[in-house]
Amino acid sequence: MYESESLKTLATKPMMRMRCTGELDGSWLPLKQDWSTRWCTLPEMYKELCAQRIHNFETRESDVFVVTFMKSGTTWMQELAWLLLNQLDFNSAKGSFLFDRSQYIERLMNHPSGIDTITACEKMISPRLIKSHLPAQLLPREIWQEGRKIIYIARNPKDVVVSSYHFLNAITLWKGDLDTFVDEFVNDQICYTSYWSHVIDFWRMRNEPNIFFATYEEMKRDLRNVIERLCKFLAVPNVEEEIMNQLLHHLSFDTMKGSEHNNPTRRLKQGQKTTEDFEFMRRGIVGSYKDELSAVAKEKMDKWTKDSLKDYGITESDIFGEI
Ligand code: A3P
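Anyway, here's the lowdown on the structure attached to this text. Small disclaimer: the values here were computed from a predicted structure and weren't measured.

### Details of the environment of Arg155
With respect to the helices and strands, Arg155 occurs in the loop between strand 6 (149-154) and helix 7 (157-170). C-alpha of Arg155 to C-alpha of Val67: the two residues are 88 residues apart in sequence and 12 Å apart in space. With near-sequence residues (within four places) excluded, Arg155 lies in contact with Lys71, Ser72, Val160, Ser163, Tyr195, Tyr216, Glu217, Ile285 and Phe320. A polar atom in the side chain of Arg155 sits 3.0 Å from the backbone oxygen of Lys71.

Dropping the structure here:
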């Protein structure tokens, strides 16, 4: 089994952290790494409800996984990848909820309909597009053994912090102020942390044939180029010019925010406790940290980033460009 230990945090549900040791030593992963040093923070219920089932999840040849650290542009990429995998079927995309078309395997909040999300993934028809925020070592083992396709999207940590803070507060899974959130984030106490282990492991695997690595910042800078690269990775036809404009419009922040089939705000408000002003799609920009994080928090995060990356010989801008 995975090894776990309880964690004290300001999360409103009991939390723990997990790692691979012993029999589950991460040896099935294509990265030389001491996996016992890779902890991931999760709600305690994950261990009982998901860990082993996800580890043993049966994959199919046509499966594609969208993997991200939370609040990194997952939903945006899910809509794009779903369209590319489904012959740009805009009618179906405009007529059904994205999260029904593309399931979230380890959904950790109470699902509005009480659904078991792993079973929901098992029942999906192919090609399945499955979302996960889990780090490499906790994903279904078959992904690595069979070389299933993974689309990985990374977003700069300061914007991830701001976006996650608003999200977790608004859905009442965490309580406190932003400076305290930053402390818990860099101390790996927030759900899905360690952030840098998550991102860096996929960055190091970015040239594996089954991995497509892109950033939220790149999608904002040049979505067309990301789409062109993704078509090649998914082995689907290039998007023709006229359709490309339609696709870019469909994927714009304003269009997706305005679409009840892409923006889950209303459904989340109906299905669980949220604050009145909760918005799943809040600002949709690069650099929201600039006017939201305190100077102290920015400095703390920059130092933490430098320390976390020094052993890998890269800087934040090598991954995200200048932000
Ligand atoms: P903000 O909270 O900064 O606005 P995820 O889907 O991984 O939960 O990520 C959510 C973040 O992606 C939110 O960031 C959301 O606004 C942003 N986002 C969603 N769709 C987008 C789009 N079409 N264009 C730009 N940003 C988008």
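### What about empty space enclosed by the protein?
Tallied over the full model, the rule gives 1 cavity of 30 Å³ or more. One number sums up the size of the largest cavity: a volume of about 40 Å³. The wall of the largest cavity is formed by Arg38, Trp39, Cys40, Pro135, Gln137, Tyr192, Thr193, Ser194, Ser197 and His198. When grouped by side-chain class, the residues that make up the lining of the largest cavity number 4 nonpolar, 5 polar and 1 charged.

### Things to note about the side chain of Glu79
The residue Glu79 is located in helix 2 (residues 74-85) in this model. Judged by its relative accessible area of 0%, Glu79 is buried. Those residues in contact with Glu79 that lie beyond four places of it in its chain are Ala93, Leu98, Arg101, His250, Leu251, Met256 and Asn262.

### Observations regarding the sheet that holds strand 3 (residues 40-43)
Across the sheet, which stays open at both edges, the 3 strands sit in the order 1-2-3 with antiparallel pairing between neighbours. Of all strands in the sheet, those bounded by a partner on one side alone are strand 1 (3-7) and strand 3. Mean inter-strand twist for the sheet, computed between neighbouring axes without regard to direction, equals 35 degrees. Pairing of strand 2 (residues 15-19) with strand 3, which is carried by 4 bridges, proceeds in the antiparallel orientation. Looking at strand 3, one finds that Met15 is bridged to Pro43. Against the sheet, helix 1 (residues 45-55) engages strand 1, strand 2 and strand 3, with an angle of about 40 degrees to strand 2.

### Here's the deal with the nonpolar core
In this structure, Leu42, Tyr46, Met77, Trp144, Ile150, Ile151 and Phe202 are the most contacted members of the largest nonpolar core, which totals 112 residues. Here this core gets 8 residues from one element, more than from any other, and that element is helix 2. Ile151 has contacts with Val64, Phe65, Val66, Val67, Met77, Ala81, Phe212, Leu230, Phe233 and Leu234, leaving out every residue within four places of it along the chain.

### A short note on the sheet that holds strand 5 (residues 129-132)
Ordered by their spatial adjacency, 4 strands build an open sheet running 5-4-6-7, and the pairing between neighbours is parallel. Of all strands in the sheet, those bounded by a partner on one side alone are strand 5 and strand 7 (211-215). Ignoring strand direction, the axes of neighbouring strands in this sheet form an average angle of 20 degrees. Here strand 4 (residues 64-68) runs beside strand 5; their pairing, made up of 4 bridges, is parallel. Note that in strand 5 the partner of Val64 across the bridge is Leu129. The strands touched by helix 2 within the sheet are strand 4, strand 5, strand 6 and strand 7, with strand 5 carrying the most contacts at an inclination of about 165 degrees. Helix 9 (residues 195-204) rests against strand 4, strand 6 and strand 7 of the sheet, and its axis sits at about 130 degrees to strand 6.

Rules used throughout
- Residues numbered from 1 in each chain as written.
- Predicted model: local features only at pLDDT ≥ 70, side-chain atom pairs only at ≥ 80, totals over all residues.
- Heavy atoms only, no water.
- Helix = DSSP H or I, 4+ residues; strand = E, 2+ residues; numbered from the N terminus.
- Contact = heavy atoms within 4.5 Å.
- Polar contact = N/O pair within 3.5 Å; in protein donor to acceptor, adjacent residues only side chain to side chain.
- 1 Å grid on protein atoms, 1.4 Å probe; cavity = no way out; pocket = protein on both sides within 12 Å on 5 of 7 lines; lining within 4 Å.
- Points joined across faces, edges and corners; volume = space filled by probe spheres on them.
- Nonpolar A, V, L, I, M, F, W, Y, C, P; charged D, E, K, R; others polar.
- Buried < 20%, exposed > 50% of the residue type's maximum accessible area, 1.4 Å probe, protein only.
- Pairing = 2+ DSSP bridges.
- Axes fitted to C-alpha atoms, helices over the stretch in contact; angles between N-to-C directions.
- Core = buried A, V, L, I, M, F, W, Y, C linked by side-chain atoms within 4.5 Å.

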